[in-house]
Structure formats: structure tokens, C-alpha cells
Amino acid sequence: MFGAPHPVIASASQVLPLPRRPLDPADPVVGGPGTSRPGTSRLVASGQVRRWYENELDWPTVPGDPPRLAVGVRYDVLDAPAEAGQAALRHLAPGSPVALQGDRMLFLVAAGSAEELPGLLEWLDWGTLTLDLLAVGPGGFMEAPLPPERESPVLREAGTRMPPGSDVPMSPESGSCAGRPLPPGRVGSQGAAVWLRPPEPGCEVEASLPTLSALGGGGDAPDLVRLVNTVATQCHRVRLRRACAQPPAVRAQGR
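The numbering scheme is per chain: residues are counted from 1 as the chain's sequence reads. Reporting in this predicted model follows two pLDDT cut-offs: at least 70 for local features of residues, and 80 or more for side-chain atom pairs to be given and counted; totals over whole chains, interfaces and linings ignore these cut-offs and use all residues. Only hydrogens and water are set aside when side-chain values are computed; all heavy atoms of the structure are taken into account.

Focus on the overall build of the chain
Cut-off, in case you're wondering: Helix and strand assignments come from DSSP, with helices taken as H or I runs of at least 4 residues and strands as E runs of at least 2, each series counted from the N terminus. Buried, partly exposed and exposed residues are distinguished by accessible area as a fraction of the type maximum, computed with a 1.4 Å probe on protein chains only: under 20%, between the cut-offs, and over 50%, respectively. Using the Shrake-Rupley algorithm and a 1.4 Å probe, accessible areas are obtained, with residue cover drawn only from the displayed protein chains.
Scanning the chain for helices and strands turns up seven helices and eight strands. For the chain, buried positions account for 49% of its 255 residues. In the form shown here, the chain has an accessible surface area of approximately 12,100 Å², with 54% of it arising from carbon and sulfur atoms.

Section: helix α6 (residues 224-245)
Rules: What a helix should span is 1.5 Å times the count of its residues minus one. In what follows, a contact means two residues having at least one pair of non-hydrogen atoms within 4.5 Å.
Compared with the 32 Å implied by 1.5 Å per residue over 22 residues, the 32 Å span of α6 between its first and last C-alpha is a close match. Within the sequence span of α6, burial applies to Leu224, Val225, Leu227, Val228, Thr230, Val231, Ala232, Thr233, Gln234, Cys235 and Val238. Looking at the buried positions of α6, the neighbouring elements they touch are β3 (75-81), α3 (82-85), β5 (104-110) and α4 (113-123).

A closer look at the environment of Thr230
Relative to the assigned elements, Thr230 resides in helix α6. C-alpha of Thr230 to C-alpha of Gln86: the two residues are 144 residues apart in sequence and 9.7 Å apart in space. Thr230 has contacts with Ala87, Ala88 and His91, leaving out every residue within four places of it along the chain.

As for the sheet that holds strand β6 (residues 134-136)
Heads up, the condition is: Pairing between strands is defined by DSSP: at least two bridges between the two strands are required. A fitted line through C-alpha atoms serves as each axis, taken over the contacting stretch for helices, and the angle formed by two N-to-C directions is quoted from 0 to 180°.
Pairing in this open sheet of five strands is antiparallel, and the strands run β6-β3-β5-β4-β8 from one edge to the other. Each end of this open sheet is capped by a strand with a single partner; those strands are β6 and β8 (194-197). Averaged over all pairs of adjacent strands, the angle between their axes in this sheet comes to 30°, without regard to strand direction. Pairing geometry for β3 and β6, over three bridges, is antiparallel.

Thoughts on the packing of aromatic side chains
This is how the line gets drawn: Pairing of aromatic side chains here covers Phe, Tyr and the six-membered ring of Trp, requires ring centres within 6.5 Å, and sorts the geometry by plane angle: under 30 degrees stacked, over 60 edge-to-face, intermediate tilted. Sitting over a ring, as applied to charges here, requires NZ of Lys or CZ of Arg to be within 6 Å of the ring centre and within 35 degrees of the ring normal.
Evaluation of the coordinates by the stated rule reveals four aromatic pairs. Grouped by ring-pair contacts, the aromatic residues Trp52, Tyr53, Trp59, Tyr75 and Trp195 constitute a single cluster. We note Arg68 situated over the ring of Phe141; from NZ or CZ to the ring centre the distance is 4.5 Å.

Examining the sheet that holds strand β2 (residues 68-70)
Taking strand neighbours across the sheet as the criterion, the three strands line up as β1-β2-β7 in an open arrangement whose pairing is antiparallel. The two strands at the open ends of the sheet, each matched to only one other strand, are β1 (61-62) and β7 (141-143). Across three bridges, β2 lies against β7 in antiparallel orientation. Within β7, the residue paired with Ala70 across the bridge is Phe141.

What about the pattern of salt bridges?
Counted only if it meets this: What counts as a salt bridge is simple: a side-chain nitrogen of Lys or Arg found within 4 Å of a carboxyl oxygen of Asp or Glu.
The tally for this structure, following the rule as stated, stands at five salt bridges. Note that Arg74 is salt-bridged to Glu204, the shortest N-O span being 2.9 Å. With Arg74 in the loop between β2 and β3 and Glu204 in the loop between β8 and α6, the pair connects residues that are 130 residues apart, well separated along the chain. Using a relative accessible area of 57% as the deciding quantity, one classes Glu204 as exposed. One salt bridge connects Asp132 with Arg104, and the closest N-O pair in it is separated by 2.8 Å. Taken together, the positions of Asp132 in the loop between α4 and β6 and Arg104 in strand β5 put the pair 28 residues apart, joining distant regions of the chain. One salt-bridge network, held together by shared partners, links Arg74, Glu204 and Glu206.

Written out as C-alpha cells, the structure is:
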């Protein structure tokens, strides 16, 4: 309906989880009690994570270690700065999965959305601006976050806390992370991915994903247009705040 996917660049984050370390084969949560062969236990843990996605969710994975999820089959991914993505969480259905990786928020959206994004941004009058927004579709992948039942001990070890009534984990340390464009076919940047809103085994994920077909419809599917417009607006605001915070000489150089 619209054009081909393209990375669309502005972000800093205020409330972010600390980067979580990758799977540690010596960690009892990963390798299990009595683990003594790091190479073997890492492969075992990797296989367990892969089987959870393939067997419990029926999600395709990408061969190799660490486990990665194939994008463009059952869902596409909208990759945005976490700071910008927070405002869009209210537009999602309760079971709509969202992950965090470093300073990036990864929204699972309906398959085919990556192809629609450039034209959708044009239609929303965001096409002429450079936004730190990326859609990943067929042929792409995202790192497989640990299954929810394995995540809590790792998050506690990393010092991540969930503020009361909040959907977004908070780091005990404040600060900002410079945004940067990401290469096509890859999402996320710093640390291992974690589920902010995990998928639910036994539920068809497609029914909860933001989709373009929900525009003006009476169904329960979240509206992709509203999600993209909110994220694009917040990306632009983040960019303006960062520009205004720069010294006048730096701002002049960027013109």
C-alpha cells in the first residue's frame, strides 16, 4: 500500500533499565545447579530458550547462538527510543508484546507493517523529518529475550526495578544514552533484550498486534496509525529537547 521500508533518526532516554548482561553459563538461573562445563551449559540454556519460543509460542527462530527471533513471519518490529516509546504503551492491547534492549523499545506489530511505515509516515506528515524510528520486517531478526519465568532473577541482579503502576523498568542511575541509526535487519543495541510486556503462551499473538487494518474499525486490535503517530511525535520532541540543550555554537554547526 505504501512504500518500501527505510530507517527513519533523535533520541535520549530518561528512564531506562541497566543493560543486562547476556546469558551467563555459570548462572544457576541459566545453566542450572551443578553446572561445570560453561560451553555445554550455554548451549543447553540457548536450546531451552529457543524451544520455549518454538514450542510454547510457535514463533520461528534464527539458527545460531544466542537465540534470535525471525521477524516478518508472525510479526514485524517497530524499533524506537525507549523514551519516545513510553507514551505509546497506552495505545496497545493488554497482550501486545513489547521488549526493551538498552535504550531501545521494541514493539511487536502486525506482519507487513514494516513495508507500510514509510507511506504511513508520509500520510501523517512526518515523512520530511528525520526520526529515530526503524521498522524491521521479513529477513530481519531480534534477540530472543529470556522467557518471563527466567527473567526476574536476572533483572534483580542487574539492579532493575519496576516503579509502582509503571510499565517501564527504572534504572537506579539516571543519565542519557546517545541515539544512533541501526543497520537494517537488526534491532536493539546495548545489553540483552528483556520483555517489558511478555507474550502469553497459548494465545495467538496476531490478535493483539497493532495493525493498519484496525484504523476506523470496531475490532479489538490496536491501531497502528495511532501508535506510529504517537511514537513519531515523541521522537520529534526528544530531538528538539536535545537540540535546545546544546550550546549555541554547536547548534549553529548543525544547521
